Amino acid sequence: MIELYILLIASIGAGIVAVEIKDLLASAISLGIVGFSVAIIFILVQAPDLAIVQIVVEVLTVIIFVAVILKTTHIDTTLENKMEVRDYLTKGVFVIFGIFFLIFSISALKELPEFGKPIMKIASHYLAKGFEEIKAANQVAAVILDFRGYDTLGEATVLFTSVIGVLTILRKIGKKK
Amino acid sequence: MRGMTIIVKTITKLLVGLIFLYGIYIITHGHLTPGGGFAGGVIISASFILLILAFGSEEIKERIGYIYSSIFESIGGLLFVFIALFGLLLGSYFFYNFLPKGKVFMLFSSGIIPLCNVAIGIKVGAGLFAIFLAIAATRFIMKE
C-alpha cells in the first residue's frame, strides 16, 4: 500500500513541476513522470491491460512534445504575464468549484471500498448476479450496457469526437487555398 | 473514385446484402450472442465501403453520402443519450433499465440493452463510413 502513496505523491509533485517550470523540455519530461507513475499504479492494482495502453500513449505523447519543443522553443513565455481582472475571476471560480467538488467527492468516496483493496469484488458480483438481474444471455453486453453504461457512453463520445476531428481536418468545404 | 472489374462487381452484388443483414443480426442479437453495437456497426459500414470500392462513386454522390452519414451518426449518439435520460425520467438514475426484462435467451429481453445496441450500431456504422468517405475524397483532391 505504501508504494501506491509514494507514486501518487510523486505524480502530483511532477504535475506541479510540469505546470510551473520555465524550461518546456523539463516540463515535458515531468509530464512523462506523471504518466509512467500512473502506469505503475495500474500494474499495482492489477489492471495490466490499462497499464499497456497507458505506457504506449505516454511514450507517444512525450515523443511528440519533445519533437515540437526541439523544433520551436525551450522557454515558456506565458509565465510572466501580468494578472488581469479576468484572470482573478477565472481563478476564483476555479477555487470555488474545487471546494465544492472536494466536499461532494468526500461524501461520495466514503461509500466506496478502500482504494485497490478488495480486488475483483465487483467483477464477482457481476458474474454472480448479472444473469438473474439483467436477463441477458451475453454477460459482456450486460456489463457494458447496464452495469457500466457510463463507460460505453464515454467510448461513444471518444469515437464521436475522433470522427468529428477527422472530418474537420479532411473537409472540403471552407478550406483555405 | 473509379470502380473495379466486372468480376468484383458481380460478387459484390451477391454478397453486399448478406453482409448488411449479418451486421443487423450482430447488432440485434448483441445481448444474446457475442457482438453488439460496435462490432455490428463496423460490419454495416464495411458493406457500404465494399459497395463504393467495387462500383466507384462520383464527387456529388460522395458529398451526399457524407451529409447523410454525419446526420445518422448524430442521430445514433443522441438516441443513446436519450435512452439513458429516459431512465432518469422514468426510473431513478441515468442509464436506469426501465423496460421489462423478459425471459433469458429471448430476443426481446434484458430491457434497454438491445435499444442501446441499435443506437451504438447506427452511430459506429455511420461514423466509420463518414471517415472512409472523407479519406476517399482527399485522395480524389490529391489526384487532381
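The preceding data block contains the structure.
Residues numbered from 1 in each chain as written. Chains lettered and ligands numbered in written order. Predicted model: local features only at pLDDT ≥ 70, side-chain atom pairs only at ≥ 80, totals over all residues. Heavy atoms only, no water.

**Student:** Where do I start with the overall build of chain B in this structure?
**Tutor:** Helix and strand counts for chain B stand at four helices and zero strands. N-terminal to C-terminal, the α/β element order of chain B is α-α-α-α. A total of 144 residues make up chain B; the buried ones form 41% of that total. Within chain B, residue pairs in contact and separated by at least 24 positions form 69% of the contacts whose partners lie at least 6 positions apart. For chain B, the accessible area works out to roughly 8,100 Å², and carbon and sulfur atoms hold 77% of it. (Helix = DSSP H or I, 4+ residues; strand = E, 2+ residues; numbered from the N terminus. Buried < 20%, exposed > 50% of the residue type's maximum accessible area, 1.4 Å probe, protein only. Contact = heavy atoms within 4.5 Å. Areas by Shrake-Rupley, 256 points an atom, 1.4 Å probe, with all protein chains shown as cover.)

**Student:** Quick question: what am I supposed to make of the layout of surface pockets here?
**Tutor:** One way to see where empty space is left: roll a probe the size of a water molecule over the atoms. Residues and elements named next belong to chain B. The calculated volume of the second largest pocket comes to roughly 330 Å³. F20, I44, F48, I122 and A126 are, among the 16 residues lining the second largest pocket, the residues nearest its centre. Counting residues per element, the lining of the second largest pocket draws most heavily on helix α4 (residues 113–143), which supplies six residues. When grouped by side-chain class, the residues that make up the lining of the second largest pocket number eleven nonpolar, five polar and no charged. (1 Å grid on protein atoms, 1.4 Å probe; cavity = no way out; pocket = protein on both sides within 12 Å on 5 of 7 lines; lining within 4 Å. Points joined across faces, edges and corners; volume = space filled by probe spheres on them. Nonpolar A, V, L, I, M, F, W, Y, C, P; charged D, E, K, R; others polar.)

**Student:** Help me understand a nonpolar patch on the surface in this model?
**Tutor:** Judged by side-chain polarity, B:L78, B:V81, B:F82, B:L85, B:F86, B:L88, B:L89 and B:L90 come together as a nonpolar surface patch covering roughly 770 Å² of accessible area. Checked against the element boundaries, B:V81 lands in helix α3 (residues 59–90). (Patch = residues over 30% accessible without salt bridge, like charges linked within 9 Å, V, L, I, M, F, W, Y side chains within 5 Å. Salt bridge = Lys/Arg side-chain N within 4 Å of Asp/Glu carboxyl O.)

**Student:** I would appreciate a short explanation of helix α2 (residues 24–44) of chain A in the present structure.
**Tutor:** Residue and element names in this part refer to chain A. In this model α2 runs 30 Å from its N-terminal to its C-terminal C-alpha over 21 residues, within 8% of the 30 Å that 1.5 Å per residue would give. Among the residues of α2, those classed as buried are S27, A28, S30, G32, G35, S37, A39 and I41. With a side-chain oxygen positioned 3.2 Å from the backbone nitrogen of L25, the residue opening α2 is D23. Backbone geometry just after α2 places Q46 at a positive phi near 60°. (Expected span 1.5 Å × (residues − 1). Polar contact = N/O pair within 3.5 Å; in protein donor to acceptor, adjacent residues only side chain to side chain.)

**Student:** Looking at this structure, how should I read helix α1 (residues 6–28) of chain B?
**Tutor:** One turn of the α-helix equals 3.6 residues, which is why residues spaced by three or four share an orientation. All names here are of chain B. When the terminal C-alpha atoms of α1 are compared, their 34 Å separation across 23 residues agrees well with the 33 Å that a helix rising 1.5 Å per residue should span. Helix geometry: α1 is bent most strongly at L15, by close to 35°. Taken residue by residue, α1 has T12, V16, G23, I26 and I27 as its buried positions. (Bend = angle between axes of the 7 residues up to and from the residue.)

**Student:** In this structure, what is going on with the interface of chain A and chain B? I would like to understand it.
**Tutor:** Interfaces are often sized by the amount of accessible area the parts lose when they come together. Of the residues lining the interface, 25 residues belong to chain A; the matching set on chain B comes to 39 residues. Both sides together, the interface formed by chain A and chain B hides about 2,800 Å², and carbon and sulfur atoms give 72% of it. In this structure, the connection of chain A to chain B is made through zero salt bridges. For the interface between chain A and chain B, the tally reads six residue pairs in polar contact (both at pLDDT 80 or more). Only α5 (121–134), α6 (139–147) and α7 (149–170) of chain A provide two or more residues apiece to the side of chain A that touches chain B. The leading source of residues in the side of chain A that touches chain B is α7(A), at twelve residues. (Buried area = accessible area lost by both parts, 1.4 Å probe.)

**Student:** Looking at this structure, how should I read the packing of α7(A) against α3(B)?
**Tutor:** Relative orientation and spacing of two packed helices are given, respectively, by the angle between their axes and the distance between those axes. In the contact formed by α7(A) and α3(B), the axes pass within 11 Å of each other and the chain directions differ by 160°. Comparing their axes, α3(B) and α7(A) come out roughly antiparallel. In the crossing of α7(A) with α3(B), the sense of the turn from one axis to the other is left-handed. Residues A:T152, A:L153, A:A156, A:L159, A:F160, A:V163 and A:L167 of α7(A) pack against B:Y66, B:S70, B:E73, B:S74, B:F80 and B:V81 of α3(B). Considered class by class, the residues forming the contact of α7(A) with α3(B) number nine nonpolar, three polar and one charged. (Axes fitted to C-alpha atoms, helices over the stretch in contact; angles between N-to-C directions. Parallel < 35°, antiparallel > 145°, perpendicular 65-115°, else oblique. Left-handed = near helix turned anticlockwise from the far one by under 90°.)

**Student:** I'm lost on the side chain of B:S69 in this one. Help?
**Tutor:** Residues and elements named next belong to chain B. Relative to the helices and strands, S69 resides in helix α3. Accessibility expressed as a relative area gives 5% for S69, which makes it buried. One polar contact links the side chain of S69 to the main-chain carbonyl oxygen of Y66, over a distance of 3.0 Å. When sequence neighbours within four positions are dropped, the list of residues in contact with S69 reads A126, F129, A130 and L133.

**Student:** Explanation requested: the environment of B:P100 in the structure shown.
**Tutor:** For B:P100, the location among the structural elements is in the loop between α3 and α4. We classify B:P100 as exposed; its relative accessible area is 69%.

**Student:** Mind showing me how you'd approach the pattern of salt bridges here?
**Tutor:** All names here are of chain B. Applying the stated criterion to the full structure yields two salt bridges over all chains. With its nearest N and O atoms 3.4 Å apart, the salt bridge here joins K123 to E73. Residue K123 is located in helix α4, and its partner E73 is located in helix α3; the two are separated by 50 residues in the primary sequence. Residue K123 is classed as buried on the basis of its relative accessible area, which comes to 3%. With a relative accessible area of 3%, E73 lands in the buried category.

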